[in-house]
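Structural features, examined
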Amino acid sequence: MKTDIDIALEAEMKPIQEVAERLDIAEDELDLYGKYKAKLTDELWNRIKDRPDGKLILVTAINPTPAGEGKTTITVGLGQAMERIGKKAVVALREPSLGPCFGLKGGAAGGGYSQVVPMDDLNLHFTGDFHAITSANNLLAAMLDNHIQQGNELQIDTKQIVWKRCVDMNDRVLRNITVGLGRKVDGVTREDHFIITVASEIMAILCLAQDMADLKERLAKIIVAYTYSGEPVTAGQINAVGAMAALLKDAIRPNLVQTLEHTPVLVHGGPFANIAHGCNSLRATKTALKLADYTITEAGFGADLGAEKFMDIKCRIGNLKPDAIVLVATVRALKYNGGAAKEQLGEENMQALKAGIVNLEKHIENIAKFGVPCVVTLNRFITDTSAELTFVQEFCESHGCEFALSEVWEKGGEGGTALATQLVETIETKTSGFHYLYEEEKSLKEKMTTIAREIYGAGEVIFDAAAEQQISRIEKLGYGRLPVCMAKNQYSLSDDKTKLGRPQNFPIHIRDVYVSAGAGFVVALTGTIMTMPGLPKVPAAEKVDVNESGKITGLF
């Protein structure tokens, strides 16, 4: 059986100008990055910005498992399938991070015959957006420390520096470090921290900024530290905004690539959904809505994380209204949630399936709370039996959800036509009554409690002393009306990754809270979630190689 990268490397890609022509994009509205990648120009947006929007479709999933759900594969395959049934579609995705690519999760370009290409470029350096974000983040850190070294005119309390350095790699030893060691000219000695680039507030800002003016305004609001008197110090006060914006001037523009079947794909931005807001850029999504009749985008991890943040953060800030949601599941993952061992997921196990389908049930209920029509799709594996498939279909239909089987991994767009047809019918016959889960007037604690109880199914919500203090400070500073970005493990609805299925009435612990003033949301850290992941015992990087002709192997 061919690997994903084998399939991708054998693909016959079209020059990106030909892909752009499918969306009526002129050649001079592209900035080329080689033959098969391009950035969209501001001139394109200015030409199309007054067009009516197409339909917006969000693809989400049940809680991820080691068995894999194939959410990106479904998203890409659905875009290909839409074109096969005669619909003009654009796929809008996030850019992959090097951290999971070389760690445990692997790449993020889809799989099988539903991939985005060039797959190796996409999963590695792509157009350099992440490097620009990393550089802008660390420039601000350097200018902050330099300000302190050069006299500290702003009276920054070095015990209250909240801006962290970042790197786009899973590197656990950088979580907690000491900087400024050595001579007096080497800086002030203090504790510091690294986060992964996708957790940087600059990543979030890039993904939520409407244009360069909005980007600079948001960058200026970043809180980097507090003074001895407790007043916030911003990036604007450090005089870092202009230089940061210069580093991001190209990164702010969406990237155009293609699927294996040449469907256009906008790939831009890449915040994780477990520690950040988990959606591609607002700018790319809005551009896609002007270019096609159907925009198919995804949000990271399960619907408890990415989908909730898509609707309560991205849609709120960008004034978006999804027309339908596709909820992805697999028989294998449902059996895993029901207690089946990973090694036995290829065997029929109705008992485990019936026990684990409660995870899907909870996500169906959660999506209904936003008023958006839902279509459940099973990403089919060859080991799935007819009894298992029938059980899931009947379960979904009994819960008021449309259902469609997907075989896009094996068959590409052809394997997604049933899903595409069902989705179009759902959009045409059911009106989306989209609304947010909570209103901005609620207190921060009320918002966090609402998410924990309504979406996760928690009982008691426990706020640690540090979280209580931070919430009080954030609200006093005037940020209490912002939406909340919950940082929680992705494997469970709870903050304990071992609690699979549908745990109920569990306690959830909020241990710390901080404001991302530039991005426009407040982050709550739950359980043991970390903003700098580590590598597994056997990193995926050990299998990656390149031969003398430049062919990369081992990416997946």
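Okay, so let's go over this structure. Predicted model only: the values in this text are computed from it and were never measured.

**What to know about the sheet that holds strand S21 (residues 484-487)**
Strand order in the open sheet made by the four strands is S20-S22-S23-S21, with mixed pairing throughout. Each edge of the open sheet carries a strand with a single partner, namely strand S20 (461-463) and S21. Taking each pair of neighbouring strands and ignoring which way they run, the sheet shows an average axis angle of 35°. The sheet contact formed by S20 and strand S22 (residues 508-516) spans three bridges and is parallel. From the neighbouring strand, Val 461 faces S22, where its bridge partner is Ile 508. Where helix H18 (residues 444-456) meets the sheet, it contacts S20, S21, S22 and strand S23 (521-526), and its direction lies at approximately 55° from that of S21.

**Overview of the packing of aromatic side chains**
Summed over all chains, the structure comprises two aromatic pairs. Pairing Phe 434 with Tyr 436 gives two aromatic rings, centres 5.4 Å apart and planes at 90°, and the pair type is edge-to-face. One cation-aromatic arrangement involves Arg 473 over Tyr 226; the distance from NZ or CZ to the ring centre is 3.7 Å. Looking at Lys 488, its charged tip hangs above the ring of Tyr 456, at a distance of 4.8 Å from the centre.

**Focus on the pattern of salt bridges**
All told, the structure shown has 31 salt bridges when counted by the stated rule. Across the pair Lys 39 and Asp 129 runs a salt bridge whose closest N-O atoms are separated by 3.0 Å. You can see Lys 39 sitting in strand S2 (residues 38-40) and its partner Asp 129 sitting in helix H7 (residues 129-149), a full 90 residues away along the chain. For the pair Lys 39 and Asp 129, one class covers both residues: buried. With its nearest N and O atoms 3.1 Å apart, the salt bridge here joins Glu 468 to Lys 445. Taken together, the residues span a long stretch of sequence, with Glu 468 in helix H19 (residues 465-476) and Lys 445 in helix H18 at a distance of 23 residues. Overall, the relative accessible area of 33% leaves Glu 468 in the partly exposed class. One network of salt bridges, with partners in common, ties together Asp 31, Lys 249, Asp 250 and Arg 253.

**Things to note about the environment of Val 167**
Position of Val 167 relative to the elements: it lies in strand S8 (residues 165-167). Spatially, the C-alpha atoms of Val 167 and Gln 490 are 21 Å apart, while their sequence positions differ by 323 residues. When near neighbours in sequence (up to four residues on either side) are disregarded, Val 167 contacts Thr 134, Leu 174, Phe 194, Ile 195, Ile 196, Thr 197 and Met 532.

**Some words on helix H15 (residues 386-398)**
In a regular helix each residue adds 1.5 Å, so 13 residues correspond to 18 Å; H15 covers 18 Å between its end C-alpha atoms and thus fits that length. Contacts made by the buried residues of H15 are with helix H13 (331-337), helix H14 (350-368), strand S18 (374-379) and strand S19 (402-406). One or two positions beyond H15, positive phi appears at Gly 400, with a value near 75°.

**Topic: unusual backbone geometry**
Most peptide bonds adopt trans geometry, and most residues besides glycine take a negative phi value. In this structure, the amide linkage connecting Val 117 to the following residue, Pro 118, adopts the cis form with an omega of 5°. Here Asp 24, not a glycine, exhibits a phi torsion of approximately 60°, which is positive. By secondary structure assignment, the location of Asp 24 is in the loop between helix H2 (16-21) and strand S1 (30-32). One non-glycine residue with positive phi stands out, namely Asn 152, at about 55°. Taking the relative accessible area as the measure of exposure, Asn 152 reaches 10% and is therefore buried.

**Section: the packing of helix H8 (residues 201-208) against helix H9 (residues 212-221)**
The geometry of H8 relative to H9 is characterised by a closest axis approach of 9 Å and an angle of 150° between their N-to-C directions. Our classification of the angle between H8 and H9 gives roughly antiparallel. The handedness of the crossing between H8 and H9 comes out as right-handed. When H8 is examined against H9, the residues Ile 202, Ile 205, Leu 206 and Leu 208 are found in contact with a partner set consisting of Asp 214, Leu 215, Arg 218 and Leu 219. The residue makeup of the contact of H8 with H9, split by class, is six nonpolar, no polar and two charged.

Conventions and cut-offs
Residues numbered from 1 in each chain as written. Predicted model: local features only at pLDDT ≥ 70, side-chain atom pairs only at ≥ 80, totals over all residues. Heavy atoms only, no water. Pairing = 2+ DSSP bridges. Helix = DSSP H or I, 4+ residues; strand = E, 2+ residues; numbered from the N terminus. Axes fitted to C-alpha atoms, helices over the stretch in contact; angles between N-to-C directions. Contact = heavy atoms within 4.5 Å. Phe/Tyr/Trp six-rings, centres within 6.5 Å; stacked < 30°, edge-to-face > 60°. Lys NZ or Arg CZ within 6 Å of the ring centre and 35° of its normal. Salt bridge = Lys/Arg side-chain N within 4 Å of Asp/Glu carboxyl O. Buried < 20%, exposed > 50% of the residue type's maximum accessible area, 1.4 Å probe, protein only. Expected span 1.5 Å × (residues − 1). Parallel < 35°, antiparallel > 145°, perpendicular 65-115°, else oblique. Left-handed = near helix turned anticlockwise from the far one by under 90°. Nonpolar A, V, L, I, M, F, W, Y, C, P; charged D, E, K, R; others polar.

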